[in-house]
Amino acid sequence: MGRRFYVNFHGLGSPDSDAESSELPYWIGRDEFEEVLDGLEKALGPRLGVTFDDGFRSDLEIAVPALQERGLDATFFVLAGLLGDARRLDRGAVREIRDAGFTIGSHGWDHRKWRGLDLDVRRREMHDSRRYLEDLLGEPVTSAACPFGSYDRAVLQELRGSGYRTIYTSDPGWSADSDSVRARNTLTNDVPPEALASWISRRSGAVQGGAHRIKRWVKARR
């Protein structure tokens, strides 16, 4: 059984002037991003998995060329309801990323935490977002990433019931290729390229008690 260490990114390059302060630790400069990619590839080889959240314009402008140059695959989780906003990808850009050979997944509609939503909002976030992206791309969308890492048993059950086959969290650590719920390791801009090996080691050893319990519950319901 293969295992992967998924590394998650957000915005790349310089943050926009209207970026919220809570976003700033997750923005990584263009040059630093390329150095980090090289370091991750060297440390992890084919066990490296790459994802992007939030659908910023830098996904197409910076991430795609860097990934193509290195022959790396990635999944881009976009916010269906925010496509076309000033800072984000528009519909055409999402198609460009897909046409470049990458996978598009859902990050919801309005970037809201998925725990505790009422029925109408839950439907928009988990169901309508998926249908919107499928209509846009003309193909199934089978992966979702939980915004803010917020999920519980009810969220996982809802996602599985609506047709998602793979669900990405923000829990640290490794994931087996057979896992339907997968851990991800979000990289912030305070981790320099030369510290990646130590960062991977720390994330690999992180305790995921609650996440493991929910993953076992999901597997038991297959």
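The residue numbering used here restarts from 1 in each chain and proceeds along that chain's sequence as written. At least 70 in pLDDT is required for a residue's local features to be given in this predicted model, at least 80 for side-chain atom pairs to be given and counted, and no such filter applies to totals for whole chains, interfaces and linings, which use all residues. Only hydrogens and water are set aside when side-chain values are computed; all heavy atoms of the structure are taken into account.

A. Spatial organisation of the overall build of the chain. Secondary structure counts use DSSP, requiring at least four H or I residues in a row for a helix and at least two E residues in a row for a strand, with both numbered from the N terminus. Looking only at helices and strands, one finds 7 helices and 9 strands in the chain. The globule rule puts the C-alpha radius of gyration for 222 residues at 17 Å, and the 17 Å found for the chain is close to it. Principal-axis analysis of the C-alpha atoms gives the chain an extent of 45 × 40 × 35 Å. By residue count, 51% of the 222 residues in the chain fall in the buried class. In this description, contact between two residues means that some pair of their heavy atoms is separated by no more than 4.5 Å. Here the contacts in the chain between residues at least 6 apart in sequence split such that 70% fall between residues at least 24 apart. Accessible surface area values rest on a Shrake-Rupley calculation with a 1.4 Å probe, where residue burial reflects the displayed protein chains alone. About 10300 Å² of surface is accessible on the chain, with carbon and sulfur atoms providing 44% of the total. Only four residue types enter the charge count, namely Lys and Arg as positive and Asp and Glu as negative; His and the chain termini do not. For charged residues, the charge sits on one atom: NZ in Lys, CZ in Arg, CG in Asp, CD in Glu. Both charge centroids of the chain, one from 33 positive and one from 35 negative side chains, sit 10 Å from each other. The globule rule used here is 2.2 Å times the number of residues to the 0.38 power, and the radius of gyration it is set against is calculated over C-alpha atoms. For the exposure calls, accessible area comes from a 1.4 Å probe over protein chains only, and a residue counts as buried if that area is under 20% of its type's maximum, exposed if over 50%, partly exposed in between.

B. Region of the structure containing helix α2 (residues 58-70). In this analysis, the expected span of each helix is defined as 1.5 Å times one less than the number of residues it contains. Helix length check: α2 (13 residues) gives 17 Å between terminal C-alpha atoms against 18 Å at 1.5 Å per residue, within 8%. Fitting axes to the seven residues that end at a residue and to the seven that start at it, the angle between those axes gives the bend at that residue. If you look at α2, its biggest bend is around 30 degrees, right at Val64, and the proline Pro65 turns up within four residues after that. Buried residues of α2: Ser58, Asp59, Ile62, Ala63, Val64, Ala66, Leu67 and Arg70, and no others. The inward-facing, buried residues of α2 contact α1 (30-44), β2 (48-53), β3 (75-78) and α3 (91-99). Note on α2: the residue one or two positions beyond its end, Gly71, has a positive phi of about 65 degrees.

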